[in-house]
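Coordinate inspection notes
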Amino acid sequence: MPLARSLSVTSLSGLEEWDEEFDLEDAVLFEIAWEVANKVGGIYTVIQTKARLTAEEWGENYFLVGPYVESNVRTQVELIEPTNPILKRTIDKMNSSGCKFAAQSEDPPHIVAHFHEWLAGLGLVLCRERQLSIATIFTTHATLLGRYLCAGNVDFYNNLAKFNVDKEAGDRQIYHRYCLERAATHCAHVFTTVSQITAIEAEHLLKRKPDVITPNGLNVKKFQAVHEFQNLHAQSKNRIQEFVRGHFYGQLDFNMDKCLFLFIAGRYEFSNKGADLFLEALARLNYLLRVNHSDVTVIAFFIMPARTNNFNVETLKGQAVRKQLWDTAQTVKERFGKKLYESLLHGQLPDVSKMLDKEDFTIMKRAIFATQRQSQPPVCTHNMLEDNGDPILNSVRRIGLFNSSSDRVKIIFHPEFLSSTSPLLPMDYEEFVRGCHIGVFPSYYEPWGYTPAECTVMGIPSISTNLSGFGCFMEEHIADPSAYGIYILDRRYRGVDESCNQLTSYLFQFCKQSRRQRIIQRNRTERLSDLLDWNIIYLHTTGFRYPRPASVPPSPALSRHSSPRHSEGEDNDEDERYDEDVEAEKDRLNIRQPTSLPFKNKLSLSQTTSGDEESVTSDKN
């Protein structure tokens, strides 16, 4: 028998009347989330990257509240005494009772409490139930039921209005959590979410339309390298190439200069994150590259944490063999250099036939013999605990991409987050992204999508979908996203096979780009980074809309050669003329920056500007 649910909001007292405008000095903002100094997913990035901007606006009246995890406190938190005497008395009183925090004081100022996700929602519900004079905000970054439904391979977006939400939550044994999320949604004075696609989802599953859509941003200054980002790409790419040389030792029969690095990263949700579609597209791309006799080799990295017990022995051996070959080359080089030096000291030109003796050849033969391999390079870099049930490995077995010599597409599954201390691939995630050529994120369920956003601010092209908040945001604000290296895959109005063909087409066209075209595209992608800065996102939430440009520069993939025939030396096209200033000016005409709005140290509760009703146009290029 279904439980009767009463609308709890009707029995709660409303917030006391505040002045329409008041100084922020008289207000305190608490932001509560499970991922404050506790990295679990994307909410950690949201809070971390906007903390500086929020602190600049609210000063010492801004407080973050999260779980007390001793290991995280030691590495991420600087312990200081609060300067606010009211807050200090409150914390001391609660500490004496064994608690770490309280949001209640003897002489309360205007208090705003911002709760993220259902994990923090209980505090919001209790604030309303106890009738505390606190203005509450609830933000859902992804609905709990939506994530579970999409993981179950249902036709989610075409059936949003048809789901029996109580039954679906009960069938998945998450009814208690779903009720907590829905209660927080309805009890909050202001309900927000991160994208339009998630707003539609929340309206149907949580039964409340969001009051405000607040897109996620980034601290762009952290990633900015100005004119150095191309050099950083080359440096990081070289480090990835060294790993690839070791991983494919003995079968390194492809040109590393013609090798493209693709990657997908994030939480291991095989269908939600689009790993299933990516693998199928890679199989089709492999066929196209082979039948067209392409000399391009694609290496696709899957960076998704899974259950493992150790590194793969064959993978570690590959890196050891690579290091041994490097040491051998350095030894022979030193011996060769010493003989050359002695010959020149005697005023004689060296006899090339005597520069390398039998011992040198013996050393090199031993090194070459060590590179002999009887098996194919491994797909997975670790030993999986559940190899037979792993969805990525099962899909690899189905499509038959086993890193054989005849394949133009190779796959490397790294089931662990990247770290600079790893003995296998010692790179941080940021370094790794900079070294890749394109990120592929064909997600079916992605309320925002920080991975393509991080690619953008580092000047790396990416593929996302019109079911992700990031993809919808870029489609809304950029006239031709693909011209700037932002490829938007249609997964909302096309079937799976059509979407897979579209993804394959994007990848194949990218493989046909010349090095110069990729450089131009990276420059254009990096210029979009300001759109994702928290300062610009703030303008977006207060009603700003970027004007859609009238003129659009051509995509690098569609540019034509200036000569009638393709010259043999055109692949080494770094000598071709490329005027960065001219290209930048074209892009500035296409991406106009917003006029800066004067900042007032005021907070208004009575007026919310709708972005659909107000548009700001800047004539300044």
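Here the residue numbering is sequential within each chain, running from 1 through the sequence in written order. Since the coordinates come from a predicted model, pLDDT governs what is reported: local features require at least 70, and pairs of side-chain atoms require 80 or more to be given and counted, while whole-chain, interface and lining totals use all residues. Calculated side-chain values reflect all of the structure's heavy atoms, with hydrogen atoms and water omitted.

This brings us to the sheet that holds strand β14 (residues 462–465). Pairing between strands is defined by DSSP: at least two bridges between them are needed. Each helix corresponds to a stretch of at least 4 residues labelled H or I by DSSP, and each strand to a stretch of at least 2 residues labelled E; elements are numbered beginning at the N terminus. As summarised here, the arrangement of the six strands in space is β12-β9-β8-β13-β14-β15, forming an open sheet in which the pairing is parallel. Only two strands of the sheet have a single neighbouring strand rather than two, namely β12 (409–414) and β15 (486–489). Strand-to-strand twist across the sheet, computed as the mean angle between neighbouring axes with direction ignored, equals 25°. Pairing of strand β13 (residues 438–440) with β14, which is carried by two bridges, proceeds in the parallel orientation. Paired with G439 across the bridge in β14 is S462. Contacting β8 (259–265), β9 (297–303), β13, β14 and β15, helix α19 (residues 496–511) runs over the sheet at an angle of about 160° to β15. Fitted lines through C-alpha atoms serve as axes, helices being fitted only where they are in contact, and the angles separating the N-to-C directions of these axes extend from 0 to 180 degrees. Note on definitions: a residue-residue contact is assigned when non-hydrogen atoms from the two residues lie within 4.5 Å.

Take E117: it is sitting in helix α4 (residues 117–129). With a 1.4 Å probe rolled over the protein chains alone, any residue whose accessible area is under 20% of its type maximum counts as buried; one over 50% counts as exposed, and the rest are partly exposed. We count Lys and Arg on the positive side and Asp and Glu on the negative side, and we leave His and both chain ends out. Salt bridges, as used here, are contacts in which a Lys or Arg side-chain nitrogen is within 4 Å of a carboxyl oxygen on Asp or Glu. Buried charge E117 goes without a salt bridge, the closest partner of opposite sign being R147 at 5.7 Å. Each residue touching E117, except ones within four places of it in the same chain, is listed here: I43, F138, T139, T140, H141 and A142.

For Phe, Tyr and Trp, rings pair up if their centres lie within 6.5 Å, where Trp contributes its six-membered ring, and each pair is then called stacked (planes under 30 degrees apart), edge-to-face (over 60) or tilted (otherwise). The tally for this structure, following the rule as stated, stands at 18 aromatic pairs. Judged by centre distance (5.2 Å) and plane angle (35°), the ring pair of F278 and F302 falls under tilted. With a gap of 24 residues between them, F278 in helix α11 (residues 275–291) and F302 in strand β9 connect regions that are remote in the sequence. Overall, the relative accessible area of 0% leaves F278 in the buried class. Overall, F302 belongs to the buried group, its relative accessible area being 0%. Considering the side-chain rings of Y487 and Y506, the 5.2 Å spacing of their centres and the 45° angle between planes classify their relative orientation as tilted.

This brings us to the pattern of salt bridges. Here the structure, examined in full by the defined rule, presents 27 salt bridges. In this structure, the salt-bridge partner of E70 is R74, at a minimum N-O distance of 3.9 Å. Of the two residues, E70 and R74 both sit in helix α2 (residues 70–76), four residues apart, roughly one turn of that helix. The exposure class of E70 is partly exposed, given its relative accessible area of 39%. By relative accessible area, which is 60% here, R74 ends up exposed. For R208, the salt bridge goes to D211, with nearest N and O atoms at 2.9 Å. Residue classification places D211 among the partly exposed positions, given a relative accessible area of 42%. Members of the salt-bridge network, linked through shared partners, are R335, K339, D357, E359 and D360.

Attention now goes to α19. The span one expects for a helix is its residue count, reduced by one, times 1.5 Å. Compared with the 22 Å implied by 1.5 Å per residue over 16 residues, the 22 Å span of α19 between its first and last C-alpha is a close match. Those residues of α19 not exposed but buried are S499, C500, Q502, L503, T504, L507, F508, F510 and C511.

What follows covers unusual backbone geometry. Not every positive phi belongs to a glycine, and Q173 is a case in point at roughly 60°. Located in the positive-phi region is H293, a residue other than glycine, with phi close to 50°. Looking at the element boundaries, H293 is found in the loop between α11 and β9. You can call H293 exposed: its relative accessible area is 73%.

Before going further, it helps to examine the pairing of β15. Residues of β15 alternate between two faces, with I486 and I488 on one and Y487 and L489 on the opposite face, all of them buried. As paired elements, β14 and β15 share four bridges and run parallel to each other. By the bridge assignment, T465 is partnered in β15 with L489. For the crossover from β14 across helix α18 (residues 469–477) to β15, the handedness is right-handed. With strands facing away from the observer, any crossover in which the path from the first strand over the helix to the second runs clockwise is taken as right-handed.

Attention shifts here to the confidence of the model for the protein chain. The predictor reports its confidence for every residue as pLDDT, a score running from 0 up to 100. The pLDDT averaged across the protein chain works out to 82; a share of 80% of its residues lies at or above 70. Predicted confidence is poor over residues 101–107, with pLDDT under 50, and the contacts of this stretch with residues over four places away or in other chains come to 13 contacts. Overall, residues 544–576 carries pLDDT values under 50, and its contacts beyond four positions in sequence, including any with other chains, amount to 57 contacts.

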